[in-house]
Amino acid sequence: MTDYLSRGRVSAILGPTNTGKTHFALERMLGHATGMIGFPLRLLARENYDRIVRVQGAASVALITGEEKIIPPHPRWFVCTVESMPLDRRVAFMAVDEIQLCADPERGHVFTDRLLHARGQEETLFLGAETIKPLLRRLIPGIEFITRPRLSQLTYTGPKKLNRLPPRSAVVAFSAAEVYAMAEFVRRQRGGAAVVLGALSPRTRNAQIGMYQAGEVDYIVATDAIGMGLNMDVDHVAFAQMRKFDGRVPRDLAPSEIGQIAGRAGRHMNDGTFGTTSDVGGIAPELVEAVEGHHFAPLKVLSWRNSDLRFTSVEALMASLDRPPDQPGLIRAREADDQVALAHLAADADIARLANHPERVRLLWDVAQVPDFRKVMADAHTRLLTQLFRHLTGPGRRLPTDWLAGHVARLDRTDGELDTIINRIANVRTWTYVSHRGDWVVDPLHWQGVTRAIEDKLSDALHDRLTQRFVDRRTALLVQRMRGDTSLLSAVARTGDVLVEGHYVGQLFGFRFEPDVAEGANAAKAVLAAAARALKSEIAGRVDRLVGEGDDAFVLAPDGQILWQDEPVARMVAGAEMLKPAVEPLPSDLLEPAQRERIRKRLADWLSAAITDAFRPLLAARDAPLKGASRGLVHQLSEALGSLPRFGAGAQVQALAEDDRKQLARLGIRFGVESVFLPPLLKPATQRLRALLWAVHEGQPPMDPPGNKVTVTVEGPAAFYEAVGYRVLGPRAIRVDMLERFAAEARRLAREAKGGFALSSQMVSSLGLGADEAGQVLTALGYRKAENGWVAGKRGPVGKARPVRQQSNADSPFAVLRGL
């Protein structure tokens with residue numbers, strides 16, 4: 001070590017953030033037999049205390065803060081908050097961190113007091129920013145300066161949308177409401193964020209930062225509480241606001257404040273960047289230059305408050321607090337909370353009467369210094385201070401145990417919203433502070449343990465609430481893992497549930513993935529992207545299995561979808577002909593084009609084979625060596641799926657020779673008076689397929705065919721009934737084979753009867769109709785009702801079809817077509 005810090009020297013180690021000042025000071029302190037260092041935050045004091053304990057052991061180090069005191073019998077080094085430094089102890093080494101806080105309007109007077117009065121017997125170090133250098137030179141004659149350069153570069157990158165910020169970013173705002181709103185947004189977009197507020201307890205703040213440092217989330221949303229001492233691996237700082245409320249008025253951030261906060265980006269030798277969110281706009285070029293170069297205007301004055309107080313009376317105490325500084329470069333500090341509290345207490349006549357001698361005045365000042373961690377100085381806090389003083393000046397000179405227990409017990413609950421828990425933590429911290437006044441409470445160690453346990457429990461509950469509200473661990477993990485090139489661990493349960501990296505992300509139905517949308521649409525995008533990557537091997541395996549399956553593995557559902565393993569994987573679509581539909585795999589983000597084509601080809605082959613099997617008589621006739629009218633008739637039958645009205649094919653039928661009729665009859669084609677048809681194609685299974693083929697080809701919604709019913713009421717297009725082997729006659733549709741029987745019986749009776757015939761019971765029952773309905777059919781077939789019965793006459797009109805009634809698949813008389 002060089003000799004510029006020789007015995008008794010006072011030095012200032014100055015520089016921007018990330019210069020290693022604190023590490024340097026701790027090494028110097030441990031190089032002395034005894035030492036003391038003051039930090040601006042309890043959090044930092046505890047963090048560095050733990051670091052020293054790991055190296056030197058707990059017996060050698062003391063921790064002193066307003067709310068925590070760990071003092072072994074013979075400590076060599078003291079780690080403290082600046083306010084709690086026991087300056088009456090003589091130590092070889094003394095250091096104060098963030099000494100530029102001497103200019104802070106609220107706490108600056110405490111730092112200034114340490115600057116002027118805290119000295120080590122051998123060495124004194126002040127750590128801070130270059131902005132305080134001129135005032136240090138003026139106020140501390142002979143002080144030496146050591147400037148340390150920043151270890152990494154800090155670069156401005158301009159404004160960015162909140163959802164475009166790079167990973168390992170900190171977003172900074174200046175109100176809890178803004179922090180919460182942005183954390184919610186980051187949760188929806190990127191899976192979550194750690195939240196850091198000044199109102200958080202050190203334990204909660206550490207837990208949130210720990211979550212970020214461990215990589216569980218990639219973003220922090222914080223107030224300027226991150227600007228001091230929180231060592232995090234942040235690559236980018238984005239300002240979401242450039243104004244803050246300083247306790248009195250809203251104001252623009254000072255350049256040095258921007259530099260302090262932006263300096264959190266880039267740790268050790270890693271460079272960092274800073275900018276703004278897009279709704280804020282850019283930062284002025286001259287300000288950017290100042291932050292990048294760490295060149296800020298020097299401080300002009302430091303806050304000061306007289307520490308040589310007079311306790312002869314309350315009035316004397318208040319007058320000594322108001323004493324102005326007598327050195328240039330110092331300015332009397334703004335009234336701090338303790339001074340405001342003292343004024344409120346002194347205004348109470350009973351309190352003023354009790355504070356009637358120096359010991360009581362000193363006690364009143366100690367009570368006034370009990371902090372209100374809510375930072376609001378509400379009347380409730382003043383009333384609490386009044387009660388404290390009354391009890392401490394009462395007969396027992398201690399706080400009543402039952403009274404203390406009642407106040408503490410009310411805080412021992414973890415229900416409520418974020419702000420409620422934060423408020424309880426602030427209150428219990430006040431009681432922790434009180435419990436460390438050993439002369440105020442009975443059994444202080446007990447109450448220190450009780451209040452610390454409650455604070456820890458509330459802090460853990462607050463961390464859990466923040467995490468539940470602002471972190472979607474699943475999405476955060478998936479987004480993080482997606483950035484790397486490593487494969488994602490995945491598993492698919494028999495139920496279709498998909499797990500990626502141990503998290504449920506959705507369900508796989510065939511080749512279609514449905515992401516879990518419980519966390520919103522943006523989270524679902526991340527889930528879908530992760531699933532697409534994680535399920536590549538699963539999808540490839542499924543495609544291979546489907547292509548290699550036998551025909552009995554596939555099912556044609558009533559809605560035209562093709563099922564495999566009980567899940568839809570494709571659908572039937574219109575092709576060039578009704579008997580040649582096409583197959584289209586269902587949309588899937590997981591299938592590559594080549595995989596889709598393999599699926600399409602395999603299922604198209606299966607569907608073609610199934611149709612060939614179902615329509616074998618018709619296709620055999622179509623492939624037979626027919627000529628002329630025979631070939632034309634079979635072509636018409638093919639287009640009509642196996643049956644057509646006789647009058648629609650009249651020209652072709654009349655042109656048939658006797659041999660043609662015999663050849664067609666051998667192929668199974670029946671010539672009726674009313675219809676030409678193939679009887680095997682009227683069976684229910686084939687009828688269902690005919691219905692689906694017609695609906696797909698015509699672009700109509702699938703309809704349920706009549707099935708085994710001989711006659712049905714018309715509820716859809718006439719073309720549908722004709723496509724499935726029925727004839728529409730008036731309001732009824734009759735299956736063509738049964739219509740032929742009915743018509744044949746009517747012709748026989750008409751020939752035999754001389755003046756008309758009556759409907760026989762056989763005719764009526766053959767159609768499953770009543771006599772009146774059967775009469776309507778006769779009318780449609782060209783018969784008319786005469787005086788003595790029915791007689792042949794001119795062909796009647798075919799009734800108009802009524803609108804189709806839509807049916808759901810649940811109403812369908814069939815569930816699936818298996819094997820066709």
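Residues numbered from 1 in each chain as written. Predicted model: local features only at pLDDT ≥ 70, side-chain atom pairs only at ≥ 80, totals over all residues. Heavy atoms only, no water.

Novice: Let's hear about the overall build of the chain: which residues, and what values?
Specialist: Along the chain, the regular secondary structure elements total 29 helices and 35 strands. Taken over the C-alpha trace, the chain has a radius of gyration of 45 Å; the compact-globule value for 820 residues is 28 Å, which it surpasses by more than 25%. Taking the principal axes of its C-alpha atoms as reference, the chain extends roughly 145 × 60 × 45 Å. Expressed as a percentage of its 820 residues, the buried residues of the chain come to 50%. Intrachain contacts of the chain at a sequence separation of at least 6 include 66% that bridge at least 24 residues. Carbon and sulfur atoms provide 50% of the accessible area of the chain, an area that totals close to 37000 Å². (Helix = DSSP H or I, 4+ residues; strand = E, 2+ residues; numbered from the N terminus. Rg over C-alpha atoms; globule rule 2.2 N^0.38 Å. Buried < 20%, exposed > 50% of the residue type's maximum accessible area, 1.4 Å probe, protein only. Contact = heavy atoms within 4.5 Å. Areas by Shrake-Rupley, 256 points an atom, 1.4 Å probe, with all protein chains shown as cover.)

Novice: A description of the sheet that holds strand E31 (residues 726-729) should follow, citing residues and the corresponding values.
Specialist: With antiparallel pairing, three strands are arranged side by side in an open sheet as E30-E32-E31. Of all strands in the sheet, those with a lone pairing partner are strand E30 (711-713) and E31, marking the two edges. Within this sheet the neighbouring strands show an average axis-to-axis angle of 25 degrees, counted without direction. Running at roughly 90 degrees to strand E32 (residues 732-735), helix H27 (residues 736-752) makes contact with E31 and E32 of the sheet. (Pairing = 2+ DSSP bridges. Axes fitted to C-alpha atoms, helices over the stretch in contact; angles between N-to-C directions.)

Novice: Kindly report on the pairing of strand E34 (residues 789-792), identifying the contributing residues and their values.
Specialist: Both strand E33 (residues 783-786) and E34 contribute to a ladder of four bridges, which runs antiparallel. Counterpart to Lys785 in the pairing with E34 is Trp790.

Novice: Explain the packing of helix H19 (residues 536-548) against helix H20 (residues 593-614) to me, using residue names and the numbers behind them.
Specialist: Taken N-terminus to C-terminus, the directions of H19 and H20 make an angle of 20 degrees; their axes are 9 Å apart at the nearest point. With respect to H20, the element H19 is oriented roughly parallel. Seen along the crossing, H19 lies across H20 with a hand that is left-handed. Taking contact as the criterion, the partners of Ile539, Ala540, Val543, Asp544, Leu546 and Val547 in H19 are, on H20, Gln595, Arg598, Ile599, Arg602 and Leu603. Classifying every residue of the contact of H19 with H20 gives seven nonpolar, one polar and three charged. (Parallel < 35°, antiparallel > 145°, perpendicular 65-115°, else oblique. Left-handed = near helix turned anticlockwise from the far one by under 90°. Nonpolar A, V, L, I, M, F, W, Y, C, P; charged D, E, K, R; others polar.)

Novice: Help me get a handle on the pattern of salt bridges, residues and values and all.
Specialist: Scanning all chains against the criterion turns up 41 salt bridges. Here Glu773 makes a salt bridge to Arg732, at a shortest N to O gap of 4.0 Å. With a gap of 41 residues between them, Glu773 in helix H29 (residues 771-780) and Arg732 in strand E32 connect regions that are remote in the sequence. For Glu773, a relative accessible area of 30% gives the class partly exposed. Taking the relative accessible area as the measure of exposure, Arg732 reaches 12% and is therefore buried. Three or more residues joined by partner-sharing salt bridges are found here, namely Arg42, Glu67, Arg429 and Glu455. (Salt bridge = Lys/Arg side-chain N within 4 Å of Asp/Glu carboxyl O.)

Novice: Describe the side chain of Thr451, listing the residues and the values that go with them.
Specialist: Note on placement: Thr451 falls in helix H16 (residues 444-470). Judged by its relative accessible area of 1%, Thr451 falls in the buried class. In terms of polar contacts, Thr451 uses its side chain to reach the backbone carbonyl oxygen of Trp447, at 2.9 Å. Setting aside residues up to four positions removed in sequence, Thr451 forms contacts with Val408, Val428, Trp431, Thr432 and Ser435. (Polar contact = N/O pair within 3.5 Å; in protein donor to acceptor, adjacent residues only side chain to side chain.)

Novice: Outline helix H14 (residues 401-409), listing residues and values.
Specialist: Within H14, the full set of buried residues consists of Trp403, Leu404, His407 and Val408. One side of H14 holds all its buried residues, which, seen down the axis, span an arc of 125 degrees. Exposed side of H14, more than 90 degrees from the buried face: Asp402 and Ala409 are the residues found there. Its buried side turned inward, H14 meets helix H13 (379-392), helix H15 (418-435) and H16. (Arc of directions from axis to C-beta.)

Novice: With reference to specific residues and values, describe unusual backbone geometry.
Specialist: Of note in this structure, Asn18 is not a glycine but carries a positive phi near 60 degrees. Here Asn18 is to be found in the loop between strand E1 (9-14) and helix H1 (21-30). Classification of Asn18 as buried rests on a relative accessible area of 7%. For Arg397, which is not glycine, the phi torsion reads 55 degrees and is therefore positive.

Novice: Summarise helix H6 (residues 202-213); cite the residues concerned and give the values.
Specialist: Look at H6: 16 Å from first C-alpha to last across twelve residues, which is about the 16 Å you get at 1.5 Å a residue. What H6 keeps buried is the set Pro202, Thr204, Arg205, Gln208, Ile209, Met211 and Tyr212. Directly after H6, the chain includes Gly215, whose backbone phi takes a positive value near 85 degrees. (Expected span 1.5 Å × (residues − 1).)

Novice: Let's hear about the nonpolar core: which residues, and what values?
Specialist: Ranked by internal contacts, the top residues of the largest apolar core, which has 68 residues, are Phe511, Phe513, Leu603, Phe615 and Leu693. When residues of this core are assigned to their parent elements, the largest contribution, seven residues, is made by helix H25 (residues 684-698). Grouped together as the second largest cluster of nonpolar side chains are 62 residues, Val186, Leu200, Leu388 and Leu458 included. (Core = buried A, V, L, I, M, F, W, Y, C linked by side-chain atoms within 4.5 Å.)

Novice: Describe in detail the pairing of strand E3 (residues 61-64), supporting the description with residues and values.
Specialist: The two faces of E3 match: Val61 and Leu63 on one face and Ala62 and Ile64 on the other face are all buried. Direction of pairing for E3 relative to strand E5 (residues 77-81): parallel, over a ladder of four bridges. Within E5, the position partnered with Val61 by the bridge is Trp77. Here E3 pairs with strand E4 (residues 69-70) via two bridges, running antiparallel. Across the sheet, the residue bridging to Leu63 is Ile70, located in E4.

Novice: Would you mind going over the state of the cysteines in detail, with residue names and values included?
Specialist: Evaluated as defined, the whole model comprises zero disulfides. There is no disulfide at Cys80, and the cysteine sulfur nearest it, in Cys102, is 17 Å away. Its relative accessible area of 0% is what places Cys80 among the buried residues. (Disulfide = S-S within 2.5 Å.)

Novice: Now, about the packing of helix H9 (residues 314-321) against helix H12 (residues 358-368): what can you tell me, with residues and values included?
Specialist: At a minimum axis separation of 9 Å, H9 and H12 run at an interaxial angle of 50 degrees. With respect to each other, H9 and H12 are oriented oblique. Classified by chirality, the crossing of H12 by H9 is right-handed. Here Val314, Leu317 and Leu321 of H9 lie close against H12, whose contacting residues are Val361, Leu364 and Trp365.

Novice: Could you give an account of the sheet that holds strand E8 (residues 144-147), with specific residues and numbers?
Specialist: Reading across from one edge, E4-E3-E5-E2-E6-E7-E1-E8 is the order of the eight strands in this open sheet, with mixed pairing throughout. Two strands bound the open sheet, and with one partner strand each, they are E4 and E8. Relative to the sheet, H1 contacts E1, strand E2 (35-39), E5, strand E6 (93-96) and strand E7 (123-128), its axis offset from that of E7 by approximately 165 degrees.

Novice: Hey, could you go over the environment of Glu83 for me, with residue numbers and the actual values?
Specialist: You can see Glu83 is positioned in the loop between E5 and E6. Overall, the relative accessible area of 36% leaves Glu83 in the partly exposed class. For the pair Glu83 and Phe39, spaced 44 residues apart in the sequence, the C-alpha separation amounts to 8.8 Å. With residues near it in sequence (within four places) discarded, Glu83 still touches Arg107, Val110 and Arg114.

Novice: Explain the packing of aromatic side chains residue by residue, including any values.
Specialist: Under the definition given, this model contains eight aromatic pairs. When the ring of Phe511 is compared with that of Trp564, the centres are 5.9 Å apart and the planes differ by 10 degrees; the resulting orientation is stacked. Remark: Trp564 occurs in strand E24 (residues 561-564) and Phe511 occurs in the loop between strand E21 (503-509) and strand E22 (512-515); sequence separation between them is 53 residues. The buried category is assigned to Phe511, whose relative accessible area is 3%. (Phe/Tyr/Trp six-rings, centres within 6.5 Å; stacked < 30°, edge-to-face > 60°.)

Novice: I'd like a description of the confidence of the model for the chain, backed by residues and values.
Specialist: Per-chain confidence: the chain averages 87 in pLDDT, with 91% of residues scoring 70 or above. Between residues 1-7, whose pLDDT stays under 50, and residues either more than four places distant or in other chains, the model counts 16 contacts. Scored below 50 in pLDDT, residues 796-820 makes 55 contacts in the model with residues more than four places away or belonging to other chains. (pLDDT = per-residue confidence, 0-100.)

Novice: I'd love a proper account of the side chain of Arg429, names of residues and values included.
Specialist: You can see Arg429 is positioned in helix H15. A distance of 2.6 Å separates a polar atom in the side chain of Arg429 from a polar atom in the side chain of Glu67. In contact with Arg429, other than residues within four places in its own chain, are Arg42, Glu67, Leu200, Pro202, Phe373 and Glu455.

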